[in-house]
Amino acid sequence: MFGNYLIGLREGLEASLVVCILVAYLVKTGRRDALRPVWTGIAAAVLLSMAFGAVLQFGSQTMTFKAQEALGGSLSVIAVGLVTWMVFWMRRTARHLKKELHGKLDAALAMGTGALVVTAFLAVGREGLETALFIWTAVQATNDGVRPLVGALLGLLTAVVLGWLFYRGALKINLAKFFTWTGGMLIVVAAGVLAYGFHDLQEADVLPGLGDKAFDISEQIPVDSWYGTLLKGVFNFQPDPTWLQVAVWALYVVPTLLVFFAPGRTGRVAPSRAVTEESKRDEVPASGVPASGGDPDGGAGAADGDGDRVRDGARGTGGHPGGEREG
């Protein structure tokens, strides 16, 4: 359940930050008339993600056992690949996320309503599809359709609340540290999903070695015990894995964590004068009054980089997350 809470929180918070940046930028630039197509694109992305999850869940029920295992194993591998790419991508581009979204939004405003819908849809839809796929694979791995979904929903609800607090300027958080440590935990969770995905492929006779057990500690850690259930829910732990599962788990988690936490990636680099001045221009105090020399676009809901903080992007304008939906 914790693993799914984590993926719901992480992906949901990314989507919430995107929405905060888009909405705050439109409010601060006086383009409230563009809020309706943005919310339309966001709603379409949410509906598509839910539909994708439903297709995966109900579509797989009509398959044979081996076909279900082959599908589940293949999608587990794909989901782990997407999550791994996501944590590295966010680690690398979080500093420039706000500018990137502002540039896309400016281009969409110039092109018209349809472009705004597509921009918002693409910005949120990627997170939604990744979340649906990863949660579905976790449900298949645990053979429990309730707790993984409850954990994911709690994570998403937490992300929505945090996003709203970010927008209102009521909460400050070091996003660099947040995405670093949640990314590391997600890599461990993904390693369990990957190992179980290979087990599914073994059960589907796609890969050999199903009977070659690396160890069996089922008596010491029964799968139906509270601690066995906890380990299964958090790490997709299996008390009797095959040698292939152990090898895949180790070959994924060890080098991936080493690269992710490498000093060159996580070390704090002294900012140059230009970067420091730029961060000062982007900072908006809690009072809603820009700092001296402030950028009118600054503080759109998420400050970027190590030590930056989330700032209030619209409080000074008196705007709300939904804004005025007319137009």
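**Focus: the overall build of the protein chain**
- Across its full length, the protein chain carries eleven helices and zero strands.
- Counted from the first residue to the last, the protein chain has its helices and strands arranged as α-α-α-α-α-α-α-α-α-α-α.
- Buried residues in the protein chain amount to 46% of all 327 residues.
- Accessible area of the protein chain: about 15,500 Å², with a carbon and sulfur share of 67%.

**Let's talk about a nonpolar patch on the surface**
- Side chains of V146, V150, L154 and L157 sit close together on the surface and give an oily, nonpolar patch of about 340 Å² of accessible area.
- Note that V150 resides in helix α6 (residues 147-168).

**Comments concerning the confidence of the model for the protein chain**
- Looking at the protein chain as a whole, its pLDDT mean stands at 74, while 75% of the residues score no less than 70.
- Counting interchain partners and residues more than four positions distant, the pLDDT-below-50 stretch residues 266-327 has 129 contacts.

**Some points on helix α9 (residues 243-260)**
- Spanning 18 residues, α9 covers 26 Å between terminal C-alpha atoms, matching the ideal 26 Å at 1.5 Å per step.
- Among all positions in α9, only Q245, V248, Y252, V253, T256 and F260 are buried. Each buried residue of α9 sits inside an arc of 105° when the element is viewed along its axis, so together they form one side. Exposed residues on α9 whose side chains face more than 90 degrees from its buried face are W243, L251 and L258.

**So, unusual backbone geometry**
- For D205, which is not glycine, the phi dihedral falls at a positive 65°.
- Mapped onto the elements of the fold, D205 is located in the loop between α7 (175-203) and α8 (226-235).
- Overall, D205 belongs to the exposed group, its relative accessible area being 54%.

**Observations concerning the packing of aromatic side chains**
- Here the structure, examined in full by the defined rule, presents three aromatic pairs.
- Here the aromatic rings of F88 and F260 are separated by 5.3 Å at their centres, their planes lie at 90°, and the arrangement is edge-to-face. In this pair, F88 sits in helix α3 (residues 65-93) while F260 sits in helix α9, placing the two residues 172 residues apart along the sequence. Each member of the pair, F88 as well as F260, carries the same accessibility label: buried.
- For the ring pair F260 and F261, a centre distance of 5.2 Å and an interplane angle of 85° mean the geometry is edge-to-face.
- Judged by relative accessible area, F260 falls into the buried class, the value being 0%.
- The class of F261 is partly exposed, set by a relative accessible area of 28%.
- Through a chain of ring-to-ring contacts, the aromatic side chains of F88, W181, F260 and F261 assemble into a single cluster.

**What about the pattern of salt bridges?**
- One pass over the structure, following the stated rule, counts two salt bridges.
- Across the pair D33 and R31 runs a salt bridge, and its minimum N-O distance is 3.2 Å.
- Its relative accessible area of 35% is what places D33 among the partly exposed residues.
- Across the salt bridge formed by K66 and D205, the nearest N and O atoms sit 2.5 Å from each other. Separated by 139 residues along the polypeptide, K66 in helix α3 and D205 in the loop between α7 and α8 bring together distant segments of the chain.
- For K66, a relative accessible area of 44% corresponds to the partly exposed category.

Criteria and thresholds
- Residues numbered from 1 in each chain as written.
- Predicted model: local features only at pLDDT ≥ 70, side-chain atom pairs only at ≥ 80, totals over all residues.
- Heavy atoms only, no water.
- Helix = DSSP H or I, 4+ residues; strand = E, 2+ residues; numbered from the N terminus.
- Buried < 20%, exposed > 50% of the residue type's maximum accessible area, 1.4 Å probe, protein only.
- Areas by Shrake-Rupley, 256 points an atom, 1.4 Å probe, with all protein chains shown as cover.
- Patch = residues over 30% accessible without salt bridge, like charges linked within 9 Å, V, L, I, M, F, W, Y side chains within 5 Å.
- Salt bridge = Lys/Arg side-chain N within 4 Å of Asp/Glu carboxyl O.
- pLDDT = per-residue confidence, 0-100.
- Contact = heavy atoms within 4.5 Å.
- Expected span 1.5 Å × (residues − 1).
- Arc of directions from axis to C-beta.
- Phe/Tyr/Trp six-rings, centres within 6.5 Å; stacked < 30°, edge-to-face > 60°.

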